[in-house]
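Residue-level listing of the chains:
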Amino acid sequence: MHNEEWIPLLNTLQQQRQPCVLITIMAERGSVPRGGGSKMVVTAQQSWLTIGGGNLEYRCMDIARQMLQQQDAEPRCEQFPLAARSGQCCGGAVTVLFEPLITPQPQIIVFGAGHVGRALTSILSTLPCHVIWADSRSEYLTHPAPGVELCLEEELSDVVSRAAAGSYFVVMTHNHDLDLHLTEQILRREDFRYLGVIGSQTKSQRFRYRLRGKGISDQQLEKFRCPAGLNAVTGKLPAEIAVSISGEIIAEYQRQSMQ
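These lines cover the structure that appears in this document, whether it is placed above or below.

Rules used throughout
Residues numbered from 1 in each chain as written. Predicted model: local features only at pLDDT ≥ 70, side-chain atom pairs only at ≥ 80, totals over all residues. Heavy atoms only, no water. Buried < 20%, exposed > 50% of the residue type's maximum accessible area, 1.4 Å probe, protein only. Helix = DSSP H or I, 4+ residues; strand = E, 2+ residues; numbered from the N terminus. Arc of directions from axis to C-beta. Contact = heavy atoms within 4.5 Å. Pairing = 2+ DSSP bridges. Axes fitted to C-alpha atoms, helices over the stretch in contact; angles between N-to-C directions. Phe/Tyr/Trp six-rings, centres within 6.5 Å; stacked < 30°, edge-to-face > 60°. Lys NZ or Arg CZ within 6 Å of the ring centre and 35° of its normal. Salt bridge = Lys/Arg side-chain N within 4 Å of Asp/Glu carboxyl O. Parallel < 35°, antiparallel > 145°, perpendicular 65-115°, else oblique. Left-handed = near helix turned anticlockwise from the far one by under 90°. Nonpolar A, V, L, I, M, F, W, Y, C, P; charged D, E, K, R; others polar.

Observations regarding helix H1 (residues 6-15)
Line of reasoning, step 1. Three or more residues of H1 are buried, namely Leu9, Leu10 and Leu13. Relative to the axis of H1, the buried residues are bounded by an arc of 100° and lie together on one face. Opposite the packed face of H1, turned more than 90 degrees from it, sit the exposed residues Ile7, Gln14 and Gln15.
Line of reasoning, step 2. Elements in contact with the buried residues of H1: strand E1 (21-29), strand E2 (39-42) and strand E3 (47-49).
Line of reasoning, step 3. Following H1 by one or two positions, Arg17 adopts a phi angle in the positive range, close to 60°.

Structure representation (structure tokens):
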């Protein structure tokens, strides 16, 4: 991919609702790996193009991902000497501009690619949010709605670990023990905005009992919803459950945006 392709690349990321940072070499002095105007694009998980590789590129990617993690929307410039002690042997120096070009949107992670998961991600894909649909079974994780990011992961707990602070989580896998494990891991993070777990009142009671046995406090247990969804919506069809959970997520998002 050549540098002139950064514009359609940013357009694609915007359609996918992925926040990113555009990195540009603004000025250079002496010997440098890439000249002024060189660009790269960085998201939380990927990068495209190059500003020369090596330690310079690594440091710039790290700064960009810190900006994404902190939801820092202000552009900034940094100067980098390319001496041997900084891991580069060029001997010159560069000024680098970091531009967060896509406003970070709420990240919603849906665990489980069953009928309800498919219906839910389809609804969420129409909202101004970044939807990640995660499962360990490739045969179920297919044909997502436009803008939904597929996440095929054998260890779904790794998805929880990588999630950005302030994420919304919905747990509805094919396995109750896995649901419990993910719920515990999310509760221990204590930096999420919403945690909904699909199930019955009986499942809720069992989960709370077992989570207390794992050291989860009553204060932490108050932070998750099980059964997930609006109480007023009592239907059992996948679409009805999906609408109920979507409504609860929207209500929580609007409540927090007003604080």
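Description of the sheet that holds E1
Line of reasoning, step 1. Here we have five strands laid out as an open sheet, ordered E3-E2-E1-E5-E4, and antiparallel in their pairing. In this open sheet, the two edge strands, each paired with only one partner strand, are E3 and strand E4 (76-81). Here the average twist between neighbouring strands, direction ignored, is 25°.
Line of reasoning, step 2. Examined bridge by bridge, E4 and strand E5 (residues 93-100) share six bridges and lie antiparallel to one another. Looking at E5, one finds that Gln79 is bridged to Thr95.
Line of reasoning, step 3. Together, E1, E2 and E3 form the strand contacts of H1, whose direction differs from that of E2 by roughly 10°.

Topic: the packing of aromatic side chains
Line of reasoning, step 1. Applying the stated rule across the entire model yields two aromatic pairs.
Line of reasoning, step 2. Aromatic side chains Phe111 and Phe169 sit 6.4 Å apart centroid to centroid with 10° between the ring planes, which places their arrangement in the stacked category. Separated by 58 residues along the polypeptide, Phe111 in strand E6 (residues 107-111) and Phe169 in strand E9 (residues 168-171) bring together distant segments of the chain.
Line of reasoning, step 3. Relative accessible area serves as the criterion here: at 0%, Phe169 is assigned to the buried category.
Line of reasoning, step 4. When the ring centre of Trp6 is taken as origin, the NZ or CZ atom of Lys39, which lies over that ring, is 4.7 Å away.
Line of reasoning, step 5. We note Arg137 situated over the ring of Tyr140; from NZ or CZ to the ring centre the distance is 4.0 Å.

Digging into the pattern of salt bridges
Line of reasoning, step 1. Throughout the structure, instances matching the rule amount to eleven salt bridges.
Line of reasoning, step 2. Glu184 is paired through a salt bridge with Arg188; the nearest N and O atoms lie 2.9 Å apart. Taken together, the residues span about one helical turn, with Glu184 and Arg188 both in helix H5 (residues 176-189) at a distance of four residues.
Line of reasoning, step 3. One salt-bridge network, in which partners are shared between bridges, spans Glu184, Arg188 and Lys214.

Concerning the sheet that holds strand E7 (residues 130-135)
Line of reasoning, step 1. Spatially, five strands are ordered E8-E7-E6-E9-E10 in an open sheet, and the strand pairing comes out parallel. Lying at the two open borders of the sheet, with one neighbouring strand each, are strand E8 (149-152) and strand E10 (194-197). Strand-to-strand twist across the sheet, computed as the mean angle between neighbouring axes with direction ignored, equals 15°.
Line of reasoning, step 2. Pairing geometry for E6 and E9, over four bridges, is parallel. Residue pairing across strands places Val110 opposite Val170, the latter belonging to E9.

Re the environment of Gly52
Line of reasoning, step 1. Secondary-structure assignment places Gly52 in the loop between E3 and helix H2 (54-69).
Line of reasoning, step 2. You can call Gly52 partly exposed: its relative accessible area is 32%.
Line of reasoning, step 3. Dropping the residues within four chain positions of it, Gly52 is found in contact with Pro33, Arg34 and Glu57.

A look at the side chain of Thr183
Line of reasoning, step 1. Structurally, Thr183 is set in helix H5.
Line of reasoning, step 2. Taking the relative accessible area as the measure of exposure, Thr183 reaches 0% and is therefore buried.
Line of reasoning, step 3. When residues no more than four places from it in sequence are discounted, the contact partners of Thr183 are Val171, Leu195, Val197, Phe207, Leu211 and Phe224.

Looking at the packing of H5 against helix H6 (residues 201-213)
Line of reasoning, step 1. As a packed pair, H5 and H6 sit with axes 11 Å apart at the nearest point and diverge in direction by 55°. Compared by their axis directions, H5 and H6 come out oblique. Handedness of the H5/H6 crossing: right-handed. In this structure, H5 uses His176, Asp177, Asp179, Leu180, Thr183, Glu184 and Leu187 to contact H6, whose residues at the interface are Lys203, Phe207, Arg210 and Leu211.
Line of reasoning, step 2. Taken together, the residues of the contact of H5 with H6 break down into four nonpolar, two polar and five charged.

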